[in-house]
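Structural characterization, general
The chain contents come next:
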Amino acid sequence: MSERRLEIPRYGWRTHGPGFAMIAVLLLLYAGGLTLLEINPARLITGFARLGDIVMLMLPPTPETWSRFLVYLDALGQTLAIAFLGTLTAAILGLPLGFLAARNIVTSRIIHFLARRGLDTVRSVDTLIWALIWINVVGLGPFAGALAIASSDVCALAKLMSEAIETADRRPVEGIMASGGTRAEAIRFGILPQIMPVFASQILYYIESNTRSATIIGIVGAGGIGMHLSEQIRVLEWQQAAFIILMVLITVAIIDAISRVLRRNIIGRA
Amino acid sequence: MLVIDGVSKVFGTTRAVDKVSVSIPAGQFVGVIGRSGAGKSTLLRMINRLAEPTEGRITLNGADVTALTGRELRDWRRRCAMIFQQFNLVGRLDVLNNVLMGRLSHTSPWRAFPRLWSREDRAIALSALDQMDIAGLAAQRAEDLSGGQQQRVAICRALVQEPEIILADEPVASLDPRNAKIVMDALLRINKHFGLTVLCNLHSLDLARTYCDRLVGMAQGRVVFDDVPEALTESVARELYGMEAHEVLDADLGPGLMSPVPVSAAA
């Protein structure tokens, strides 16, 4: 056996230069952005004082009357329904679309390319923009809100699922094909069990995050608690606005806790 | 009689399998041996039609199976069950459902998709597991089992297909010696009790000599040896395995290159 010499790696500008250069570029961009938007630290300081005033005006948060509270509760229920229906619609449409966009399922390059590009295009339009579009199509209200959430998430979910399908282990598929199963059966039993935990936990995550989205699209008139929130801010009823914000926070926290328990159970079992 | 007649498989410019012709009478336990990359795996996969032959014919009792499609192809795959080195089970499904995958070609899609297996199919699957002494694991997830247990589940899946031929592609290469013996014993039992033809790719010469009625040696895609195990002399084995000979003939060759290599670092 010949004697081997180990070369100790040399560190210098060649190895570390690119990293330092990247940090310098980012700092320059940040400074550039500040000047471009004419951001003045002095204005921020006076602004902080105003923010303090608003917080003081918010205290204590209160719905004023019980009937108002019930109105807000009803609107909050509407927001939850928007999030739930929107997410579920996205899930029902997104799973088959995910298969369509997975290279190992649809072997036609043209269909795969069109599906991927189509999903990317629709996905790049934000929920808020979808809400503005759907309000003009079906009118103000929760229906437009649910449609907005469904349209923006169907593509995000489809893309996630297509990636899960593409990275799924292909040995079970081969095992089923070799036993005389059809391609459909190979997908049903070889791939579906592998992607279901990902699918379920994504749906839970989306319901959670869509509760927040549904609040925001309410502000532009797509139904739910957001409508009341924007209304109360407009008429400077800060205490009521603060109460609504508090209701949303608590709701999101509850959904977060429930979905955490469900997700742990799903990933733990089949 | 399974007849492989002048079968080749070409990947790009390499001939993975090169004009192989072998006839295997029903009920024989045939070991296919040779170094990695000799074309053993491709040959088995072509029989099951997981890989398509570039040329040549494969026939069973005179019926050509090389051109089958659709329903007939699936029935052919049912008749020549495949066992894989990596077991190829559905990890997240329970053991019984994995075995029931072997009943897919006996089940209508309307019952298979929602997993509404008939009582008879469930009984068949369970009794197959019982024959392999793992009926108690029926409700466990396949991925939670040890390698040896998983391979026995895979054998059950193969058995419930009611096949005529078992194609085993390196079935024990991922297993420790004790589990390798359990799995090879199971294959031998299937061969002797049910009279199923077994075609088994093996890397280990020891196992091949112990279990097989006949050995087919492959090198560079060609058949270079085809005889009873007793006819396999050490020189033939060395030729078959080349640089890998010391792995399969470990008893005769000593420890090999296992001594630590001194390393000196440069400042």
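None of the values given here were measured: they were computed from a predicted structure.

1. Here we look at the overall build of chain A
Within chain A one finds ten helices and one strand. Secondary structure elements of chain A, listed N to C terminal, follow the sequence β-α-α-α-α-α-α-α-α-α-α. Its C-alpha radius of gyration of 26 Å places chain A more than 25% over the 18 Å reference for a compact globule of 270 residues. The dimensions of chain A, computed from C-alpha atoms along their principal axes, are 80 × 60 × 35 Å. Each of the 270 residues in chain A was classed as buried or not, and the buried ones make up 33%.

2. A short note on the nonpolar core
In terms of nonpolar packing, the biggest core is built from 120 residues, with Val99, Cys156, Ile166, Leu167 and Val198 of chain B touching the most fellow members. Residues within four places of Ile166 of chain B in sequence aside, it is in contact with Ala81, Ile83, Ala158, Leu187, Ile190, Leu196 and Val198 of chain B.

3. Points about the interface of chain A and chain B
Tallying the contact residues gives 26 residues for chain A and 29 residues for chain B. Put simply, the parts of the chain that give the side of chain A that touches chain B at least two residues each are β1 (4–6), α7 (171–178) and α8 (183–219) of chain A. Its residues assigned to classes, the side of chain A that touches chain B comprises eleven nonpolar, seven polar and eight charged.

4. Some remarks on the domain arrangement of chain A
Taken domain by domain, chain A consists of domain 1 (13–56) and domain 2 (68–269). Distance between the C-alpha centres of domain 1 of chain A and domain 2 of chain A: 34 Å.

5. A short note on the packing of helix α3 (residues 66–100) of chain A against helix α6 (residues 142–167) of chain A
Residues and elements named next belong to chain A. Two numbers describe how α3 lies on α6: the axes approach to 6 Å, and their chain directions differ by 35°. The hand of the α3/α6 crossing is right-handed. Here the contact of α3 with α6 is built from residues that sort into 19 nonpolar, eight polar and one charged.

6. Focus: the pairing of strand β1 (residues 2–11) of chain B
Two strands pair when backbone bridges link them, and β1 of chain B and strand β2 (residues 14–24) of chain B are joined in this way by seven bridges, in the antiparallel orientation. When the sheet's bridge partners are listed, Leu2 of chain B is paired in β2 of chain B with Ile24 of chain B.

7. Looking at the sheet that holds strand β9 (residues 214–219) of chain B
All names here are of chain B. Taken in spatial order, the six strands of this open sheet run β6-β7-β8-β3-β9-β10, and their pairing is mixed. Of all the strands in the sheet, just β6 (80–83) and β10 (222–227) have a single pairing partner and so form its edges. Strand-to-strand twist of the sheet, defined as the mean angle between neighbouring strand axes without regard to direction, takes the value 20°. Sheet topology note: the strand β3 (residues 29–33)/β9 ladder contains four bridges and is parallel. Paired with Val30 across the two strands is Arg214, which belongs to β9. Helix-sheet contacts for helix α7 (residues 177–194) involve β3, β7 (165–169) and β8 (197–202), and the interaxial angle to β8 is about 155°.

Procedures and definitions
Residues numbered from 1 in each chain as written. Chains lettered and ligands numbered in written order. Predicted model: local features only at pLDDT ≥ 70, side-chain atom pairs only at ≥ 80, totals over all residues. Helix = DSSP H or I, 4+ residues; strand = E, 2+ residues; numbered from the N terminus. Rg over C-alpha atoms; globule rule 2.2 N^0.38 Å. Buried ≥ 20, exposed ≤ 12 C-beta atoms within 10 Å, placed from the backbone. Core = buried A, V, L, I, M, F, W, Y, C linked by C-beta atoms within 7 Å. Contact = placed C-beta atoms within 7 Å. Nonpolar A, V, L, I, M, F, W, Y, C, P; charged D, E, K, R; others polar. Domains from an automatic or database assignment. Axes fitted to C-alpha atoms, helices over the stretch in contact; angles between N-to-C directions. Left-handed = near helix turned anticlockwise from the far one by under 90°. Pairing = 2+ DSSP bridges.

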